[in-house]
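As a plain string of letters, each chain reads:
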Amino acid sequence: MKKVILAVAVLMSNISHASENAKSIFDEYTKLGSNFDVKVASLYANDAKIHSYRVYPHGTERQMEITGEHGRCLSNV
């Protein structure tokens, strides 16, 4: 029984740590994005799909999809 309690305690500790880590990454992403900082691209996974959709004043609509790896390359220009 003690092993089960210990295993549950370790599992809960790991979940808590993962949750805090996810929150810190999200907070960093939000801060960089809000400041229009190009470093936000460093948080993208290589296989991330970035969608962009624009409607221009004259009515033309344009959409684009790139990977996280391509997005990082574009932001380093």
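Residues numbered from 1 in each chain as written. Predicted model: local features only at pLDDT ≥ 70, side-chain atom pairs only at ≥ 80, totals over all residues. Heavy atoms only, no water.

(A) Layout of unusual backbone geometry. If you check the backbone angles, Phe36 has positive phi at about 55° while not being a glycine. For Phe36, the position within the fold is in the loop between helix 1 (2-34) and strand 1 (49-55). (Helix = DSSP H or I, 4+ residues; strand = E, 2+ residues; numbered from the N terminus.)

(B) Main features of the environment of His51. Residue position: His51 is located in strand 1. On the accessibility criterion, His51 (58% relative accessible area) is exposed. Considering only alpha carbons, one finds His51 and Ile66, 15 residues apart in sequence, at a separation of 6.8 Å. When neighbours within four sequence positions are excluded, His51 is seen to be in contact with Met64 and Glu65. Within the structure, His51 has its side chain in polar contact with the side chain of Glu65 (distance 3.5 Å). (Buried < 20%, exposed > 50% of the residue type's maximum accessible area, 1.4 Å probe, protein only. Contact = heavy atoms within 4.5 Å. Polar contact = N/O pair within 3.5 Å; in protein donor to acceptor, adjacent residues only side chain to side chain.)

(C) Broad picture of the pairing of strand 2 (residues 61-67). Examined bridge by bridge, strand 1 and strand 2 share seven bridges and lie antiparallel to one another. Looking at the pairing, His51 lines up with Glu65 of strand 2. Taken together, strand 1 and the strand that follows it, strand 2, pair antiparallel across an intervening segment of five residues, in which Gly59 is found at a positive phi of about 100°. (Pairing = 2+ DSSP bridges.)

(D) Seen up close, the confidence of the model for the protein chain. Of the residues in the protein chain, 74% reach a pLDDT of 70 or more, and the chain-wide mean stands at 78. Taken element by element, the predicted model of the protein chain shows its lowest mean pLDDT in helix 1 (67) and its highest in strand 2 (93). (pLDDT = per-residue confidence, 0-100.)

(E) Main features of helix 2 (residues 68-75). Those residues of helix 2 not exposed but buried are Gly68, Gly71 and Ser75. Taken around the axis of helix 2, the buried residues stretch over an arc of 55°, which confines them to a single face. Looking at the buried side of helix 2, the elements it contacts are strand 1 and strand 2. (Arc of directions from axis to C-beta.)

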